[in-house]
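Understanding the architecture of this molecule
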Amino acid sequence: MLILHQSNRLEHLAEALASLLNAMPLEDVFESETIVIQSQGMRRYINRYLAQKNGIAANIDFSLPARLMWQLMQQNLNNLSKLSPFATDVLHWRLMQLFEDAPFREQPNAAATYLHQYMVSRPEAYFDLAFILADIFDQYLIYRSDWIQHWQNGELLNLGSDEAWQADLWQQLTAQESHHGEHRLQMWQRLQAALPTANLPKRIWVFGITSMAPMYLELFRTLSQYTDVHIFAMNPSAAYWGNIVEPATLLRQYGHMSEAELAEHNGHPLLASLGKQGRDFFDALTSDIAYDYQGEYFAHNHAGTLLARLQNDLLDLHYPQNTNEDDKTSGLNHPELHDGSVIINSAHSPLRELQILKDQIIASLAANPTWQLQDIAVLMPKVDAYLPFLDAVFGKDCPDGQPLAYSVADVKLSRQQPLLQAIHHLLSLMGSRFELLDVLPLLDAPSIQQRYGWDSDMVAVLHTTIRNLNIRWGIDGDMRREFGGTDDTFTWQQGLERVVMGWMLPQNSQHHAWQNAVPYASEPTHWPLLAQLWQFIHSLQQYHSEWQQAADVNTWVARLQAAVTDLFAPLDTDLFALQQWQQNLSEWLAQTELAQYQGQLEYALVKRHVGAFLEQESQAGFLRGGITVCSMVPMRGLPFKMLCLLGMNDGEFPRDSKAPSFDLIYQDALHHRARKGDRSRRDDDRYLFLECLLNAREQLYISYIGKSIRNDDTLAASTVVYEFIDTVAAMVGASSKDLLEGIKTDAYAQAAWVK
């Protein structure tokens with residue numbers, strides 16, 4: 001049975017799910033519920049909601065759609081390994097091995113001919129190419145499965161000049177005798193045949209979905225024939241809006257149209273311009289699938305504010321119009337424009353954005369005594385740009401003496417975990433000239449201080465000594481000459497040799513140069529500490545020398561593990577980070593072993609691979625108490641009483657990921673052949689902005705950098721902000737120009753557009 005539940009409010013969907021779980025418990029108390037979500041943030045939200053509503057949330061198996069499909073395949077298909085030869089990470093190393101094989105390079109086929117320029121270039125070139133191609137082939141399996149079927153049958157589809165070599169490359173990958181594993185499409189076809197007798201969950205709950213690949217939508221439609229599938233979808237409008245057309249498309253097709261004609265064709269302008277990603281999904285969700293039952297939990301916002309009217313217009317698919325006929329209460333004098341539900345500010349820098357925001361949060365908390373800090377979320381395109389200033393503005397040592405508790409999510413692992421940050425510094429150092437500023441962060445790493453027993457006073461002595469020795473860069477003279485130097489002046493070796501020479505001199509003796517080096521006099525009580533510094537630098541030198549030699553993956557994993565064990569003594573708080581590090585190395589070994597990769601890797605490639613793990617973002621701080629600060633992530637739209645969007649700058653949002661020119665799905669989009677359900681980072685972000693408008697329960701705050709901090713020139717906001725301002729202008733009977741002129745810059749406004 002397939003059941004669809006829709007609402008414009010996530011909490012109503014969550015309440016419906018909690019009621020159904022409470023009313024229909026599973027017969028076997030030890031059997032787990034299966035809830036499909038599309039982000040870990042959504043998982044945390046629904047887990048917390050169920051615990052609060054039903055008193056407990058336990059024995060729940062949360063899965064992403066891809067993970068659920070893989071679990072079903074492993075449980076119901078024979079001879080499946082834990083890792084597929086066509087998994088993206090494995091396929092990357094299979095392609096690497098193929099590119100390095102002489103027989104492949106010498107073949108006169110389409111793939112080898114096209115890729116020749118990459119394969120004879122630097123290893124970094126075909127390393128990156130292999131990663132890109134592995135991801136592209138995975139996207140083809142999900143979004144263009146018909147292409148894959150034709151290619152495997154030796155058929156081309158006239159997709160352009162890049163089709164022949166990609167089809168040839170795919171055929172060679174599938175024909176390799178050493179890799180008889182099935183790819184995603186083949187396993188999906190086998191699973192469909194096995195479903196009538198398959199071991200399936202008693203029921204499946206698909207929660208909070210706003211977009212889904214056609215393959216996974218087909219998965220749930222097929223599963224519903226054998227088990228109950230409940231889909232809980234966030235829909236911004238109760239009316240059908242699958243046929244809404246963007247204004248630009250209408251004008252291109254029909255020429256000049258009046259505002260009334262435009263309203264008739266495209267409903268609400270924000271749904272038309274921002275809703276493409278969701279529109280295609282809901283069109284497929286409601287038009288192409290027959291449901292046994294549909295539940296609707298739509299609700300109006302009765303707050304009587306500008307934000308409430310905007311959300312209600314979206315819900316009812318009403319074109320925005322001014323409701324006041326009196327000129328005295330229209331335009332800039334419209335009362336809703338000053339009710340504080342929508343606030344837009346601009347600033348000169350990210351720091352000023354945060355400072356202005358903090359004052360607004362304090363004012364909003366004072367005006368709404370029932371609000372808690374966890375009712376507020378601060379979102380930005382990339383949290384890294386604001387991370388250095390958060391503690392200065394919101395932390396316990398903030399200048400105004402009014403700290404606000406907050407938690408940060410979507411921070412890179414190398415910036416969140418001290419041990420992983422130290423490992424990241426080590427990897428960067430091993431590929432550098434050993435500059436002073438590359439080594440000093442390692443001395444400050446807690447795990448290294450633990451390893452050598454250093455406290456803050458000892459580290460301060462080391463910093464002072466290094467500064468007095470005038471060490472600049474280079475391990476020794478050989479490294480200096482490698483980078484264009486002429487001798488060992490100001491190297492680590494020269495500086496530490498001066499320290500040793502100082503130990504050998506009698507006390508109070510005259511310090512004369514010997515062998516062009518001046519001895520460095522140090523306190524005898526510091527000698528054991530400086531000896532440890534010598535040992536530390538010598539260890540780094542040994543690892544640097546060893547790591548310059550190419551090796552296979554097994555050797556590199558052993559090298560990395562040895563370096564971390566030798567140089568770092570993890571604290572108790574580092575144990576989880578250490579486990580993540582070791583697990584990543586184990587997965588790397590498993591991937592290359594399955595791919596049968598035997599190549600010799602230079603350190604530059606190892607750094608790229610391991611660095612990709614350290615650059616991953618963690619959602620660990622999401623909904624962990626206090627104000628939630630995070631990046632804007634698709635399919636993680638949650639309701640907050642006050643929702644703040646920072647960094648809404650032109651060119652930074654919507655984000656535009658550059659697809660390679662040979663990506664055939666990208667070429668489809670360029671030639672207006674895109675299919676419903678195709679993913680686009682830009683369309684994802686535009687729909688994400690629309691979701692933010694819907695998820696702000698009482699107050700929406702938007703901020704952007706509107707003035708240059710260098711010369712005070714005016715800077716543009718994101719296009720979505722201007723589209724939003726156009727809509728508000730229509731709602732209050734004002735011009736967009738007047739509203740833009742009313743936006744405050746570096747001011748502590750209590751309401752929007754107050755001059």
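Check the entry above for the structure.
Below you will find a few notes about this structure.

Analysis parameters
Residues numbered from 1 in each chain as written. Predicted model: local features only at pLDDT ≥ 70, side-chain atom pairs only at ≥ 80, totals over all residues. Heavy atoms only, no water. Helix = DSSP H or I, 4+ residues; strand = E, 2+ residues; numbered from the N terminus. Buried < 20%, exposed > 50% of the residue type's maximum accessible area, 1.4 Å probe, protein only. Contact = heavy atoms within 4.5 Å. Areas by Shrake-Rupley, 256 points an atom, 1.4 Å probe, with all protein chains shown as cover. Lys, Arg positive; Asp, Glu negative; His and termini not counted. Charge placed at Lys NZ, Arg CZ, Asp CG, Glu CD. 1 Å grid on protein atoms, 1.4 Å probe; cavity = no way out; pocket = protein on both sides within 12 Å on 5 of 7 lines; lining within 4 Å. Points joined across faces, edges and corners; volume = space filled by probe spheres on them. Nonpolar A, V, L, I, M, F, W, Y, C, P; charged D, E, K, R; others polar. Phe/Tyr/Trp six-rings, centres within 6.5 Å; stacked < 30°, edge-to-face > 60°. Lys NZ or Arg CZ within 6 Å of the ring centre and 35° of its normal. Pairing = 2+ DSSP bridges. Right-handed = clockwise from strand over helix to strand, strands pointing away. Expected span 1.5 Å × (residues − 1). Polar contact = N/O pair within 3.5 Å; in protein donor to acceptor, adjacent residues only side chain to side chain. Axes fitted to C-alpha atoms, helices over the stretch in contact; angles between N-to-C directions. Core = buried A, V, L, I, M, F, W, Y, C linked by side-chain atoms within 4.5 Å. Salt bridge = Lys/Arg side-chain N within 4 Å of Asp/Glu carboxyl O. Parallel < 35°, antiparallel > 145°, perpendicular 65-115°, else oblique. Left-handed = near helix turned anticlockwise from the far one by under 90°.

Examining the overall build of the protein chain
- Along the protein chain, the regular secondary structure elements total 33 helices and 15 strands.
- Each principal axis of the C-alpha atoms in the protein chain carries an extent, and together these give about 95 × 70 × 60 Å.
- Every one of the 755 residues in the protein chain was classed for burial, and the buried ones make up 52%.
- Taking all contacts inside the protein chain whose residues are at least 6 apart in sequence as the whole, residues at least 24 apart take part in 78%.
- Summing over all exposed atoms, the protein chain offers an accessible surface of approximately 33900 Å²; the carbon and sulfur share of this is 49%.
- For the protein chain, the separation between the mean place of its 55 positive charges and that of its 88 negative charges on side chains is 2 Å.

Things to note about unusual backbone geometry
- Cis geometry marks the peptide bond from Phe 653 to Pro 654, where omega comes out at 0°.
- Positive phi, close to 60°, is recorded for Asn 158, a residue that is not glycine.
- On the secondary structure map, Asn 158 appears in the loop between α8 (145-152) and α9 (163-175).
- Here Asn 158 falls in the exposed class, since its relative accessible area comes to 78%.
- Non-glycine residue Leu 317 carries a positive phi angle of around 60°.
- Within the element layout of this structure, Leu 317 appears in the loop between α16 (306-316) and β7 (342-347).

A short note on empty space enclosed by the protein
- For the structure shown, the criterion picks out six cavities of 30 Å³ or more.
- Those elements that provide at least two residues to the lining of the largest cavity are β8 (376-380), β12 (627-631), β13 (640-645) and α31 (681-695).
- Residues of the lining of the largest cavity, tallied by class, amount to eleven nonpolar, four polar and one charged.

Brief notes about the packing of aromatic side chains
- Going through the model one piece at a time under the given rule, you end up with 28 aromatic pairs.
- Centre to centre, the rings of Tyr 45 and Tyr 49 are 6.2 Å apart; their planes meet at 35°, and the pair counts as tilted. Placement of both Tyr 45 and Tyr 49 in helix α2 (residues 40-54) is noted, with a separation of four residues, approximately one turn of the helix. Comparing Tyr 45 with Tyr 49 shows no difference in burial state: the two are buried.
- Through pairs of rings, three or more aromatic residues link up here, namely Phe 86, Phe 137, Tyr 140, Trp 147, Trp 151 and Trp 170.
- Geometry around Trp 473 places Arg 433 over its ring, the cationic atom sitting 4.1 Å from the centre.
- The positively charged end of Arg 451 is found above the aromatic ring belonging to Tyr 452, 4.9 Å away from the centroid.

A word on the pairing of strand β5 (residues 228-234)
- Across the seven residues of β5, six count as buried, placing the element largely inside the fold.
- Here strand β1 (residues 2-7) pairs with β5 via six bridges, running parallel. In the strand pairing of β5, Ile 3 is matched with His 230.
- Between the parallel pair strand β4 (residues 203-209) and β5, the chain is carried across by helix α11 (residues 214-223), and the sense of this crossover is right-handed.

Topic: α9
- With 13 residues, α9 extends 18 Å between its outermost C-alpha atoms, agreeing within 8% with the 18 Å of an ideal straight helix rising 1.5 Å per residue.
- Buried within α9 we find Glu 163, Trp 165, Gln 166, Ala 167, Asp 168, Leu 169, Trp 170, Gln 172 and Leu 173.
- The inward-facing, buried residues of α9 contact α4 (88-100), α5 (102-106), α6 (110-119), α7 (123-143), α8 and α30 (664-670).

Regarding the side chain of His 230
- Among the structural elements, His 230 can be located in strand β5.
- Owing to a relative accessible area of 5%, His 230 belongs among the buried residues under this scheme.
- There is a polar contact of 3.1 Å between the side chain of His 230 and the side chain of His 5.
- In contact with His 230, not counting residues within four places along its chain, are Ile 3, His 5, Leu 20, Ile 204, Trp 205 and Val 206.

Concerning helix α3 (residues 65-76)
- Between the first and last C-alpha of α3 there are 17 Å, a value that for twelve residues agrees with the 16 Å anticipated at 1.5 Å per step.
- Regarding α3, the residues found buried are Pro 65, Leu 68, Met 69, Gln 71, Leu 72, Met 73 and Asn 76.
- Buried-residue contacts for α3 involve β2 (33-36), β3 (60-63), α10 (184-194), β4 and α11.

Side note on the sheet that holds β3
- Strand order in the open sheet formed by six strands is β3-β2-β4-β5-β1-β6, with parallel pairing between adjacent strands. Of all strands in the sheet, those with a lone pairing partner are β3 and β6 (293-296), marking the two edges. In this sheet, adjacent strand axes meet at a mean angle of 20° when their direction is disregarded.
- Of the strand pairs in this sheet, β1 and β6 are connected by four bridges, and their pairing is parallel. If you follow Leu 4 over to β6, its bridge partner there is Gln 294.
- Packed on one face of the sheet, helix α1 (residues 10-23) meets β1, β2, β4 and β5 and runs near 165° to β4.

Details of the environment of Phe 86
- Positionally, Phe 86 belongs in the loop between α3 and α4.
- With 231 residues separating them in the primary sequence, Phe 86 and Leu 317 have C-alpha atoms 44 Å apart.
- Not counting residues within four places of it along the chain, the set of residues in contact with Phe 86 comprises Leu 91, Arg 94, Trp 170, Leu 173, Thr 174, Gly 181, Glu 182 and His 183.

A few points about the nonpolar core
- Residues Phe 207, Trp 588 and Phe 724 are the most contacted members of the largest nonpolar core, which totals 201 residues.
- Residue contributions to this core peak at twelve residues, all from α7.
- Apart from residues no more than four positions distant in its own chain, Phe 724 is found in contact with Leu 270, Leu 310, Val 342, Ile 344, Phe 689, Leu 693, Leu 700 and Ile 702.

Some thoughts on the pattern of salt bridges
- Summed over the entire model, instances satisfying the criterion amount to 31 salt bridges.
- Close ionic contact of Arg 203 with Glu 33 constitutes a salt bridge, the shortest N to O distance being 2.4 Å. Placement of Arg 203 in strand β4 and of Glu 33 in strand β2 is noted, with a sequence separation of 170 residues between them. This pair shows no difference in class: Arg 203 is buried, exactly as Glu 33 is.
- The residue Asp 146 makes a salt bridge to Arg 675 at a minimum N-O spacing of 3.0 Å. On the criterion of sequence distance, the pair formed by Asp 146 in helix α8 and Arg 675 in the loop between α30 and α31 is long-range, its members being 529 residues apart.
- By relative accessible area, which is 27% here, Asp 146 ends up partly exposed.
- What makes Arg 675 partly exposed here is its relative accessible area of 35%.

Here we look at the packing of α7 against α9
- Close contact between α7 and α9 brings their axes to 12 Å; oriented N to C, the two are set at 90°. When the axes of α7 and α9 are compared, the pair comes out roughly perpendicular. When α7 is examined against α9, the residues Leu 133, Ile 136, Phe 137, Tyr 140 and Leu 141 are found in contact with a partner set consisting of Trp 165, Gln 166, Leu 169, Trp 170 and Leu 173.
- The class makeup of the residues in the contact of α7 with α9 is nine nonpolar, one polar and no charged.

Points about the packing of α1 against α2
- Following both chains from N to C, one finds α1 and α2 inclined at 55°, their axes separated by 10 Å at the closest point. Looking at the two axes, α1 sits oblique to α2. For the pair α1 and α2, the crossing hand works out as right-handed. Judged by residue contacts, Leu 10, Glu 11, Ala 14, Glu 15, Leu 17, Ala 18, Leu 21 and Asn 22 of α1 engage Met 42, Tyr 45, Ile 46, Tyr 49, Leu 50, Lys 53 and Asn 54 from α2.
- Of the residues belonging to the contact of α1 with α2, the class tally is ten nonpolar, two polar and three charged.

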